[in-house]
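Fold and geometry: a report
Spelled out from the first residue to the last, the chains are:
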There are 2 protein chains.
Amino acid sequence: MLDGALPEPVSIIGASGALGFGLALRLARAGCAVTAGSRDAQRAEETAKRAREAVPGSLVAGFSNEEAAARSELLILCVPFRNQSETLHNLRDVLRPGQLLVDCSVPLAAAVGGKAVRTVGVWQGSAAQQAQEMVPEGVTVVSALHTVSAASLRDLDHELDEDVLVCGDKRADKRRVAALVDTIDGLRCVDAGRLEMARIVESTTALMISVNARYKTRAGVKITALPDDLWPAT
Amino acid sequence: MLDGALPEPVSIIGASGALGFGLALRLARAGCAVTAGSRDAQRAEETAKRAREAVPGSLVAGFSNEEAAARSELLILCVPFRNQSETLHNLRDVLRPGQLLVDCSVPLAAAVGGKAVRTVGVWQGSAAQQAQEMVPEGVTVVSALHTVSAASLRDLDHELDEDVLVCGDKRADKRRVAALVDTIDGLRCVDAGRLEMARIVESTTALMISVNARYKTRAGVKITALPDDLWPAT
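Presented here is a report on the structure given in the accompanying data block. Source: prediction; values computed, not measured. Within any chain, residue numbers begin from 1 and follow the written order of that chain's sequence. Here the convention is simple: chains get letters from A, ligands get numbers from 1, in the order in which they are written. Residue-level local features of this predicted model are given only where pLDDT is at least 70; pairs of side-chain atoms are given and counted only at 80 or more, and the full residue set underlies all totals for whole chains, interfaces and linings. Calculated side-chain values reflect all of the structure's heavy atoms, with hydrogen atoms and water omitted.

Runs of H or I in DSSP of at least four residues are treated as helices and runs of E of at least two as strands, each being numbered from the N terminus. The secondary structure content of chain A amounts to eight helices and nine strands. Both definitions apply: the radius of gyration is a C-alpha atom measure, and the globule rule equals 2.2 Å times residues to the power 0.38. Taking 2.2 N^0.38 as the reference for a compact globule, 234 residues should give roughly 17 Å; the C-alpha atoms of chain A span a radius of gyration of 16 Å, in line with that estimate. Along the longest, intermediate and shortest principal axes, the C-alpha atoms of chain A span 40 × 40 × 35 Å. Burial classification: accessible surface area is computed with a 1.4 Å probe over protein chains only, and a residue below 20% of its type maximum counts as buried, one above 50% as exposed, and the rest as partly exposed. Counting all 234 residues of chain A, 56% fall into the buried class. Whether two residues are in contact is decided by their heavy atoms: any pair within 4.5 Å suffices. Within chain A, residue pairs in contact and separated by at least 24 positions form 74% of the contacts whose partners lie at least 6 positions apart.

Following this line, the structure appears as structure tokens:
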């Protein structure tokens, strides 16, 4: 049973992908009303149905990415980096001031046929900063959820126990994202600094992929020596 | 009391600096014979004396960086990034094939008057790769010890509990470094991949500095979901 009121509703852009679907499941299980977006509305409905079956009693509906983007004030962008730009381009008439977009993109070199343990340079500094440049004025981008394994999220029997590094220029926005993500058991959001720090946090995904290859695991990141209350009211 | 034989002797280049001195103390306490190197031989002797006073019964001697570099097969380079190139240049006639150099340099933008939460681009990809380019042929560079706080190392009452990400092109070299570093209570070495991954691991130092600024702490990194034996014999 939930502790209190339901968390803020969220739309996941790219919910049919591995990370998007894993997040949809975990957020749905945490009691969050999830709109699962996909390029194709039919595919989105199927994704939502799969999620509802995996999490009985959950609130998941499927819509096209455009409709999904319109339905929530809080959006999570879960498309692969090579689709990030096109996806944001397609959403430019739907997004509206005041919305908060959580970008999870990682510019792995795999996007251009390179290795997944390497990244490509993004002109703006990071995928998150590229997203911030592309969204309409008034939409804010926060960068998060780069290092949590999609497979671990999707496996609901797997007990998560790791941190999520959150980058953004306003603390209130990061706290809002943390309030959502922290509803997922075993995840803890840590303030990693301004949005520009995303260029480092994004690259830690490549680092985890390298560690995973060596140890045949799904490694996560934890930050030590932090205080108990990571998001105090100011 | 030590479990078995003494660990491999090590020379620390730049042992008068914060990180170098912290490592000297911790390694000395682990029973390691440490040569503390400094640009100035007199300063090195003073540093060694301070270390011996802090760790009674320890084996610490002080020599110029050049002499220190000649005295061990395993070297740790602890100078600030802005001095890395000059230091390696000065050591080029002393270093010899077969030596293993652990590079801890981090190209923080602070080296050129910028912010410590930012890095500068290194032509070779990372400080470690710059070091590998500068050392004589036959000397191998392994990259490690970027995220452990110098202040935490130096405070011998502080209980360490964090991971050290190790990058290098040969597993045997990394294992040798891990065998040394793992003698320090509370540190655990994790294989992060090839030397080129240092460009990511080095940048995590800037990330930790950003986290530290937010939480007024000395944060460290831990990797989750790893097997018990991180350095199995192959």
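Here we come to the pattern of salt bridges. Between Lys or Arg on one side and Asp or Glu on the other, a salt bridge is scored when a side-chain nitrogen of the former is within 4 Å of a carboxyl oxygen of the latter. A full pass over the atoms with the stated rule returns 20 salt bridges over all chains. With its nearest N and O atoms 3.4 Å apart, the salt bridge here joins Arg214(B) to Asp191(A). Pair noted here: Arg214(B) is in helix α8 (residues 198-215) and Asp191(A) is in strand β8 (residues 187-193), and the two residues belong to different chains. Look at Arg214(B) and you get partly exposed, because its relative accessible area is 32%. According to the relative accessible area criterion, Asp191(A) is buried, its value standing at 1%.

Okay, helix α1 (residues 18-29) of chain B next. Residue and element names in this part refer to chain B. Working rule for helices: expected span equals 1.5 Å times residues minus one. Helix length check: α1 (twelve residues) gives 17 Å between terminal C-alpha atoms against 16 Å at 1.5 Å per residue, within 8%. With ten of its twelve residues buried, α1 lies for the most part within the structure. A positive phi of about 95° marks Gly31, the residue just after α1.

The copies were overlaid by least squares, fitting only the C-alpha atoms of residues that reach a pLDDT of 70 or more in each copy. Mapping chain A onto chain B is achieved by rotating through 180° and translating by 0.0 Å along the same axis, at an RMSD of 0.0 Å. On the angle and the small slide along the axis, the relation comes out as a two-fold axis. Considering only C-alpha atoms, the part of chain A nearest the rotation axis is Lys222(A), at 2.4 Å. When the interface residues of chain A are mapped onto chain B, 100% of them again lie at the interface, so the same face is used by both copies.

Where interface size is quoted, it is often the accessible area lost as the parts come together. Facing the 37 residues of chain A at the interface are 37 residues of chain B. Once two parts are joined, some of their accessible surface, as seen by a 1.4 Å probe, is lost; buried area is that loss totalled over both. Summed over both partners, the interface of chain A with chain B buries about 2,800 Å², with 62% contributed by carbon and sulfur atoms. Of all residues in chain A, the largest losses of buried area upon contact with chain B belong to Leu207(A), Tyr215(A) and Thr224(A), amounting jointly to 23% of the total for that side. Taken together, chain A and chain B are joined by four salt bridges. Any N or O atom pair separated by 3.5 Å or less is treated as a polar contact, with the protein-specific requirement of one donor-capable and one acceptor-capable atom, and with residues adjacent in sequence counted only for side-chain atom pairs. Counting across the chain A and chain B interface gives 15 residue pairs in polar contact (both at pLDDT 80 or more). Mapped by element, the contributors of at least two residues to the side of chain A that touches chain B are β7 (162-167), β8, α8 (198-215) and β9 (221-223) of chain A. Of the residues forming the side of chain A that touches chain B, the biggest block, eleven residues, is contributed by α8(A).

The method is simple in principle: a probe with the dimensions of a water molecule rolls over the atoms, and the space it marks as empty is what remains. With a 1 Å grid spanning the protein atoms alone, the term cavity applies to any set of points in which a 1.4 Å probe fits but cannot get out, the term pocket to an open set with protein on both sides within 12 Å along at least five of seven lines, and the term lining residue to any residue with an atom within 4 Å of a point. Grid points are joined across faces, edges and corners, and a volume is the space filled by probe spheres set on the points. Counting across every chain of the model gives one cavity of 30 Å³ or more. Approximately 80 Å³ is the volume found for the largest cavity. Taken together, Leu165(A), Thr204(A), Leu207(A), Met208(A), Val221(A), Ile223(A), Leu165(B), Thr204(B), Leu207(B), Met208(B), Val221(B) and Ile223(B) make up the lining of the largest cavity. Listing elements by their share of the lining of the largest cavity, those giving two or more residues are α8 and β9 of chain A together with α8 and β9 (221-223) of chain B. When grouped by side-chain class, the residues that make up the lining of the largest cavity number ten nonpolar, two polar and no charged. Throughout, the ten residues Ala, Val, Leu, Ile, Met, Phe, Trp, Tyr, Cys and Pro are labelled nonpolar, Asp, Glu, Lys and Arg are labelled charged, and all others, Gly among them, are labelled polar.

Let us now look at the layout of surface pockets. Residue and element names in this part refer to chain A. Its volume calculated, the largest pocket comes out at about 910 Å³. The wall of the largest pocket is formed by 41 residues, among which Leu19, Cys78, Val79, Pro80 and Phe81 lie closest to the centre. Going through the elements one at a time, α1 (18-29), α3 (65-71), α4 (81-90) and α8 are the ones with two or more residues in the lining of the largest pocket. A total of six residues in the lining of the largest pocket trace back to one element, the largest contributor, which is α4. Considered class by class, the residues forming the lining of the largest pocket number 21 nonpolar, 14 polar and six charged.

As a further point, take the pairing of strand β3 (residues 60-64) of chain B. A regular strand places its side chains on the two faces of the sheet in alternate fashion. Note that strand β2 (residues 34-38) of chain B and β3(B) share five bridges and pair parallel. Looking across to β3(B), one finds that Ser38(B) is bridged to Ser64(B). One bridge is not enough; two strands pair if DSSP finds at least two bridges between them.

A separate point is helix α7 (residues 171-181) of chain B. All names here are of chain B. All of the buried residues in α7 are Asp173, Lys174, Val177, Ala178, Leu180 and Val181. Take α7 and look down its axis: the buried residues cluster within an arc of 160°, on one side only. In α7, those exposed residues whose orientation departs by more than 90 degrees from the buried face are Ala172 and Ala179. The directions considered for the arc run from the helix axis to the C-beta atoms.

The next subject is the nonpolar core. The set of buried Ala, Val, Leu, Ile, Met, Phe, Trp, Tyr and Cys residues whose side-chain atoms join them within 4.5 Å is what this entry labels a nonpolar core. Core analysis: the biggest nonpolar cluster contains 152 residues, and Ile76(A) and Ile76(B) have the highest contact counts within it. The residues touching Ile76(B), leaving out its near neighbours within four places in the chain, are Val10(B), Ser11(B), Ile12(B), Ile13(B), Leu23(B), Leu27(B), Val102(B), Cys104(B), Leu145(B) and Leu180(B).

All names here are of chain B. Within the fold, Leu75 resides in strand β4 (residues 74-77). Residue Leu75 is classed as buried on the basis of its relative accessible area of 0%. Each C-alpha atom, one on Leu75 and one on Pro9, is 9.0 Å from the other, the two residues being 66 residues apart in sequence. Each residue touching Leu75, except ones within four places of it in the same chain, is listed here: Ser11, Ala68, Ala69, Leu95, Gln99, Leu100, Leu101 and Val102.

Before going further, it helps to examine the side chain of Ser64(B). All names here are of chain B. Tracing the sequence through the fold places Ser64 in strand β3. In this structure Ser64 comes out as buried when scored by relative accessible area, which is 11%. Once residues lying within four places of it in the same chain are set aside, the contact partners of Ser64 are Gly37, Ser38, Arg39, Ala41 and Ala44.

Quick look at the environment of Thr47(A) now. All names here are of chain A. Position of Thr47 relative to the elements: it lies in helix α2 (residues 41-54). Overall, Thr47 belongs to the buried group, its relative accessible area being 2%. With 38 residues separating them in the primary sequence, Thr47 and Pro9 have C-alpha atoms 17 Å apart.

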